[in-house]
Amino acid sequence: MNTVRQFTRFVGGSAALVLQGNAAYWAWLALLGALIVSGALAYARQVAEGLIITAMRDQVSWGFYIGNFTFLVGVAAAAVVLVIPAYIYNWKPIREIVIYGELLAVSAIVMCLLFVLVDIGRPDRFWHLIPPWGYLNFPRSILAWDVLVLNLYFVVNLVVVTHILNRAFNGRHYDKRVVVPLVLLSIPMAVGIHTITAFLFNGLAARPYWNASILAPQFLASAFCSGPAILLIVLQVLRRFTKFEIQDDAIWKIAELMAYAMFLNLFLHGAEAFKEFYSNTEHLMYTRYWFLGLGNHRTLVPFAWTAVGLNTLAFLLFIVPAARKNWITLNIGCLAIYAGCYIDKGMGLIIPGLTPDALGEIYEYFPTLTELRVAAGVFALGFLVFTLMLKVAVPISLGQFHVHSGNR
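Rules used in this analysis
Residues numbered from 1 in each chain as written. Predicted model: local features only at pLDDT ≥ 70, side-chain atom pairs only at ≥ 80, totals over all residues. Heavy atoms only, no water. Helix = DSSP H or I, 4+ residues; strand = E, 2+ residues; numbered from the N terminus. Buried < 20%, exposed > 50% of the residue type's maximum accessible area, 1.4 Å probe, protein only. Lys, Arg positive; Asp, Glu negative; His and termini not counted. Salt bridge = Lys/Arg side-chain N within 4 Å of Asp/Glu carboxyl O. Polar contact = N/O pair within 3.5 Å; in protein donor to acceptor, adjacent residues only side chain to side chain. Contact = heavy atoms within 4.5 Å. pLDDT = per-residue confidence, 0-100. Disulfide = S-S within 2.5 Å.

A.B. asks: Looking at this model, I keep getting lost on the side chain of D357. Mind explaining?
C.D. replies: Relative to the helices and strands, D357 is located in the loop between α15 (347-354) and α16 (369-398). Here D357 is buried and forms no salt bridge, its nearest opposite-charge partner R207 lying at an N-O distance of 6.8 Å. From its side chain, D357 meets the backbone nitrogen of L359 in a polar contact 2.9 Å long. Residue contacts for D357: discarding those within four places in its chain leaves Q59 and R207.

Structure, rendered in structure tokens:
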């Protein structure tokens, strides 16, 4: 009962804390709220009228929603970049900030699940995936594996951060018997969620663009770039606007790890491009559509070369120690790698894999305003979750918010 009372005080205090803030905090929440309402209205219209109001068709049945889902799975998996040096090598500068990587993973998984939900044409049938009412078709279905690992990874990270913050709020150190096994379990699970997502694509033998064995390591390499890029920006914001002390060594070490991941990401992309162009089989048309276009169909070409340019720029900035230790070039590199990976794993992964279709028809897909509004609403909801968790986690980490602080 004592544990229940402590947790109740933690929940009540957290609820009171997120209702406090300055004008900038409330303006940010108002912006997120407006985007969420706009997205909800667009989604309500989509449910009422069907997916016909999106740009997706039989030729391109996956689009902006699944592109965002694939990208955000990588963001969620990137928490392992902090977990390994913090818990395996016990490196103190990163151990102090690893919880923020786990908070990012929780909010990213929330967005992943929402993007799957909005992509379902009949969301009222979602219950078919929920045992025992529905039939998940596990273990035969790769989709079933994806549902399972995403939800388990979400639960593991949520339990870890809740336990750590609850204990710290009540003036107690976290229980290593609970945290350490779960954190170690999260490492293979982080690899697993992106690997299984890659298997969803490269298991489709009729889609040659995705039917490559290096897709899973390619996904992981890009994940270990894009997720930490967001985290580096967040850590700098926390250091700027709060009293939370984050050592430069922690930021620079994350940037160094990103440089290695970016090299692997570029190498794997180059290896796949070489294989396609050098072999010059009929399957080249999908890669050609992405990089060079097919005839007059060149909608995606600017996106392709923008992604290549941004990823290369970020790698050059991060591989040079002086550049990644300069705050201006560090942040330019973070924005470049985030945008580059977002294009690669969104437009660059989904659309060329479906274009041309099985009959050779080229359908030029570009997201509609409805899709953009729904996606903005999903991102805003994820940012809201992350903001509210940070609102609680930062004061607890600083020792400003605890059971005796009067915030109940």
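Picking up after the structure, the text goes on.
A.B. asks: I keep staring at unusual backbone geometry and nothing clicks. Help me out?
C.D. replies: If a residue is not glycine, its phi is most likely negative; likewise, a peptide bond is most likely trans. The omega torsion of the bond from F138 to P139 falls at 10°, within 30 degrees of zero and hence cis. Topologically, P139 is positioned in the loop between α6 (98-119) and α7 (142-169). A cis amide bond, omega -5°, links T355 with the succeeding residue P356. In this structure, N137 takes a positive phi of about 60° despite not being glycine. Tracing the backbone shows N137 in the loop between α6 and α7. In this model, N280 sits at a positive phi of 55°, which is unusual for a non-glycine residue.

A.B. asks: Explanation requested: the side chain of S107 in the structure shown.
C.D. replies: Locating S107 in the fold gives a position in helix α6. Residues within four places of S107 in sequence aside, it is in contact with G382, V385, F386 and M389.

A.B. asks: Quick question: what am I supposed to make of the confidence of the model for the chain here?
C.D. replies: Detail in the predicted coordinates should be disregarded across regions flagged by low pLDDT. Looking at the chain as a whole, its pLDDT mean stands at 90, while 98% of the residues score no less than 70. Across the chain, helix α2 (residues 23-49) holds the top mean pLDDT of 96, while helix α5 (residues 92-95) sits lowest at 73.

A.B. asks: Just checking my understanding: could you explain the state of the cysteines for this structure?
C.D. replies: Between two cysteines, a covalent bond joining their sulfur atoms is known as a disulfide. Taken as a whole and judged by the stated rule, the model has zero disulfides. No disulfide involves C112; its sulfur sits 15 Å from that of C341, the nearest cysteine. Judged by relative accessible area, which is 0%, C112 ranks as buried.

A.B. asks: Got a minute to help me understand the pattern of salt bridges in this structure?
C.D. replies: Where charged atoms of side chains with opposite charge meet at close range, the side chains can pair. Taken as a whole, this structure holds seven salt bridges when the rule is applied. D124 serves as the salt-bridge partner of R122, at 2.8 Å between the closest nitrogen and oxygen. Among the ionic pairs, K275 bridges to E276, the shortest N-O distance being 2.8 Å. Classification of K275 as partly exposed rests on a relative accessible area of 38%. Judged by its relative accessible area of 4%, E276 falls in the buried class.

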